[in-house]
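# Topology and contacts: notes
As a plain string of letters, each chain reads:
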Amino acid sequence: MVDPIKVYPSKPAKVYFYGTCLVDMFYPDAGIAGVELLEREGIEVLFPQDQTCCGQPAYTSGYHDQARSVAKAQLDLFPGDWPIVVPSGSCGGMMRKHYPDLFKDTPDEVKAAEVAGRVWELTDFLLNVCHIKLEDLGEPTTVAMHTSCSARREMGVAEVGPKLLGQLKNVNLVEQIRPEECCGFGGTFAVRHPEISGAMVSEKVETLVDTGAKEFVTTDCGCLMNIAGYAEKNHKPVSGQHILSFLWARTQGKGGQQS
Amino acid sequence: MSSRETILQRLRNRTGGELTVPECDFSVLVRDDWSTKERIERFEKMIESVHGEVHHCTEDMWMDRLAELLNTRGARNLLIPKQHEIGQALRDAGRDDLPELLIYDEPIESWQGHLFNEVDASITSTRGGIAETGSLILWPNDDEPRLMSLVPPVHIAVLKASELYTTFHEAMKAQNWAAGMPTNALLISGPSKTADIEQTLAYGVHGPKELIVLMIE
Amino acid sequence: MSETAEHTGHHIDVKQFHPRAQAAIHNPKIRKNFRSAMDGLMSKRKTAFEGWDLETLRDLGANVRLRALANLPDLLEQLEEKLTENGIKVHWAVDADEACRIVRDICKARDAKTVIKGKSMVSEEMELNHYLEEQGIEALESDLGEYIVQLADETPSHIIMPAIHKNTGEISQLLHDKTGTDLSNDVEYLTASARQQLREKFMNADVGVSGVNFAVAETGTLCLVENEGNGRMTTTVPPCHIAVTGIEKVVPSMEDVSALLALLTRSATGQHITTYFNMISGPRKAEELDGPEEVHLVLVDNGRSAIYQDDELLDTLRCIRCGACMNHCPVYTRVGGHAYGTTYPGPIGKILMPHLIGLDEGRHLPSASSLCGACGEVCPVKIPIPDLLVRLRQESVDGDKLHPAKVRGHGAKRSSMEAMIWKGWAWMHASAGIYRFGTGAASKFRALQPSKAGAWTDYRTAPKLAAKTLHQRMKERGQ
């Protein structure tokens, strides 16, 4: 599924930042946190204002013509030879893994493959390309982590989040049971099969609550929306945020907050 | 057109065209050659983990051990091969501490009821074993028919430690199975078992409840 | 050739997936039985592969299967030739009905009244038991799980562990009601009682019917993987053995089998090997004292040659039926095997069944997945199950003009309403200006955001629009 051996580039001077539509509309703080972390690493962040959505919702729903037309609009956003970083394993996976298939046998085939090859999940990029060193300025706390299925299986970054959190000396990372099991989001799956998705997220929340952690972090806003939304509606004592928001807040000496 | 031709034609004229044939590298199945001692240990560990029993014996005393095992189980009889040296030796020994010796020398049809209901134990030879998985290799034949290792509640198998292979892959290569197979060949790794009722293991569901290996070293 | 269907079997409406899934989700006993069983199987599999270079082994498994598929017609002919030479009679069936008729004709020629069966998913696909009953031939399952399911007049809920949906108490009650076995929670007692009942049946059966795990072309060998010994009984005790198998099960050599066997049992139940690995290469020879005097192999197509036509869908045929995909599937774990209403449940069922029953009947199958990828990750022959699910979703809605759909019943799920929504979505997202205007306006008027959002908010709060989009905030930062 993932390239068997990932070849990380050397640390570049600039990156393209692909924010994703969920971050754009619902979790811009997570995007800003990602930008801040990159800039603190001395990297200039380029944000193409013409970016919209990677096309995944239509793609996984089977509407490939529509997915292709949206994805095509993204292909021209990254003219320079800089890496493209994405604060989401899911959108990253769409671009890195599925763009080549989606544009196969089209005039954009070469360009799509070229763009796909430059896509990196942002935490993976921070850890393995920037070799980030995090200094924890926050109060002692306990968190759990949910790595999204696409981050884990398409982008192969299951180890990254825990390693980054491990750098934070006041953060006690606890593991829920079945950490690798899907939270039940799955994009349109959550509305096409609401009972099954509901059964999955209720168990995910239960296992997170069982860790005793009051908050969890995650690589993907889809999972965040799902897990935190379930916890909130059902008054479960756990809240969540994007791992980038958490990392930025911990290393700035202030608590994470959502605007 | 016959169904055979219909199917073959559909496959031959596939719309996707010719398929590429990938290389198959079997080296991942090859284990570093384990020493005899390592093979014995591994075999024993594996077969015991699935409820099999291993008894270390020598050419001189395996029959003593066999008698002991059968006596503790109160076996009334033992089904033995007619020609194989194991059967010959047992008959020639004329021991009075062994139960009645039975020989499978008639077609099953003539004594099926007896075999299913009256035979307490059987002893067969093996064509070696496989250390990695704790398996016995059996090629049933007219001297040791297929049901000998299946129907009696206790199956005793004689395995020479020198005939332990490391892996199944090694065994089939060494014995050149590609050249031809007998009507029936078996790998047996433990007594018959099931976990079909709530994943709880139970032994002897259809075949032997006990598998006892006499390992001749 | 195929005629009109002669039997309908226990017809289950696959389209009724949702009500069945919902019922299962609200049935705590089902949830508990599956959750604990799947947890156990997942952890056993993990342990069983310790010390292996699993990725390389899975690569080998995939290549072995792909190599066999690449040579499929040649291998089938070689297999037929070799089996015939060994004295095994080979039959070809275009579909399930023809396969049933072949079995019936063999039985009739022998004047057979009773058939004892070893576990065979292809025979489930054929609904063979039901067909034989209609023909006045008793067909009895002998695998303990299949036996239980048959007594309950149900279908298997898992391809390896057919009765996994039942707990001991339920099984005891069933055995009591149907066979007079004393009620007991002692699994050993229940098993022993079944042994007694089934031994009688083995001795009296006229024909044994089994499946096949691998058919080896080079030596003409049928391989069966099992723990109980009922497979050996079925293929040894009755005077006639009929093996039924899908045409994709053929491999070139025993060496291929050694690779697939290493993967199969570990992936399925976490066993290094099963108790019995039974290799059959011929009927009883003149000098032999037991074994069937007749052995038949029925090669069943039933939709497989259609799958074979397409380079991507072809991967479906790699499957060696281990069940690991269902053991690791969060959806299967929640709804259980019966919710699918198909012979093969879980992820493999979702990518295989639409070919067997058509995408109109199986329209809900490909979408019933979060595409989490757990199935593809554990598949011993690396079937890209999530990609195939997406492909079938595309087929269901005829969603790709560049790659026209080809699976039977394609387009059945396309609704003009949904198509229009996606067209509107694409219109908005393919143009950056419209997108920014739309998302900007949504943020600005976020106070008007409804707190309910369809099925989403049945379980969760609605996500809250931010005061400013990331686009706006980056613009403020000079981007």
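For clarity, every value in this text was computed on a predicted model and none was experimentally measured. (Residues numbered from 1 in each chain as written. Chains lettered and ligands numbered in written order. Predicted model: local features only at pLDDT ≥ 70, side-chain atom pairs only at ≥ 80, totals over all residues. Heavy atoms only, no water.)

Take the packing of aromatic side chains next. To describe a pair of aromatic rings, one takes the distance between the centres and the angle between the planes. This structure, assessed with the given rule, holds 15 aromatic pairs over all chains. Consider the rings of Y16 of chain A and F78 of chain A, whose centres lie 5.4 Å apart with planes at 70 degrees: the pair is edge-to-face. Placement of Y16 of chain A in strand β1 (residues 14–17) and of F78 of chain A in the loop between α4 (64–75) and β3 (84–86) is noted, with a sequence separation of 62 residues between them. According to the relative accessible area criterion, Y16 of chain A is buried, its value standing at 6%. With a centroid separation of 6.2 Å and an interplanar angle of 25 degrees, the aromatic rings of Y332 of chain C and Y340 of chain C are classed as stacked. The class of Y332 of chain C is buried, set by a relative accessible area of 0%. Grouped by ring-pair contacts, the aromatic residues W139, F168 and W177 of chain B together with F277 of chain C constitute a single cluster. Between R232 of chain C and the ring centre of Y276 of chain C, over which it is positioned, the NZ or CZ distance is 5.0 Å. (Phe/Tyr/Trp six-rings, centres within 6.5 Å; stacked < 30°, edge-to-face > 60°. Helix = DSSP H or I, 4+ residues; strand = E, 2+ residues; numbered from the N terminus. Buried < 20%, exposed > 50% of the residue type's maximum accessible area, 1.4 Å probe, protein only. Lys NZ or Arg CZ within 6 Å of the ring centre and 35° of its normal.)

Turning next to the domain arrangement of chain A. Residue and element names in this part refer to chain A. Considered domain by domain, chain A is made up of domain 1 (14–128) and domain 2 (141–250). A separation of 22 Å is found between the C-alpha centroids of domain 1 and domain 2. Listed per partner, the contact involves 31 residues of domain 1 and 24 residues of domain 2. Of the roughly 2200 Å² buried at the junction of domain 1 and domain 2 (both faces included), carbon and sulfur atoms supply 72%. For the domain 1 face of the interface with domain 2, the top three residues by lost area are Y27, T123 and L127, together amounting to 26%. The interface formed by domain 1 and domain 2 holds zero salt bridges in total. The tally of links between domain 1 and domain 2 comes to eight residue pairs in polar contact (both at pLDDT 80 or more). Put simply, the parts of the chain that give the side of domain 1 that touches domain 2 at least two residues each are α1 (21–25), α2 (28–40), α5 (89–102), β4 (119–121) and α7 (122–128). Taken together, the residues of the side of domain 1 that touches domain 2 break down into 14 nonpolar, 10 polar and seven charged. (Domains from an automatic or database assignment. Contact = heavy atoms within 4.5 Å. Buried area = accessible area lost by both parts, 1.4 Å probe. Salt bridge = Lys/Arg side-chain N within 4 Å of Asp/Glu carboxyl O. Polar contact = N/O pair within 3.5 Å; in protein donor to acceptor, adjacent residues only side chain to side chain. Nonpolar A, V, L, I, M, F, W, Y, C, P; charged D, E, K, R; others polar.)

Quick look at the interface of chain C and chain B now. Each side of the interface is counted separately: chain C has 99 residues, and chain B has 81 residues. The junction of chain C with chain B conceals about 7700 Å² of combined surface from both sides, 59% of it contributed by carbon and sulfur atoms. Where chain C meets chain B, there are 10 salt bridges. For K173 of chain B, the salt bridge identified is with E255 of chain C, shortest N-O distance 3.2 Å. The interface formed by chain C and chain B holds 47 residue pairs in polar contact (both at pLDDT 80 or more) in total. A class-by-class count of the residues in the side of chain C that touches chain B yields 45 nonpolar, 28 polar and 26 charged. With five bridges connecting them, strand β9 (residues 184–188) of chain B and strand β9 (residues 276–280) of chain C associate as antiparallel partners. By the bridge assignment, I188 of chain B is partnered in β9 of chain C with Y276 of chain C. (Pairing = 2+ DSSP bridges.)

Residue and element names in this part refer to chain C. With respect to the helices, strands and loops of the structure, E248 is situated in the loop between β7 (240–246) and β8 (250–251). At 3.3 Å, the side chain of E248 and the side chain of R321 are in polar contact. Those residues in contact with E248, other than ones at most four positions away along the chain, are R65, L69, L72, R304, L317 and R321.

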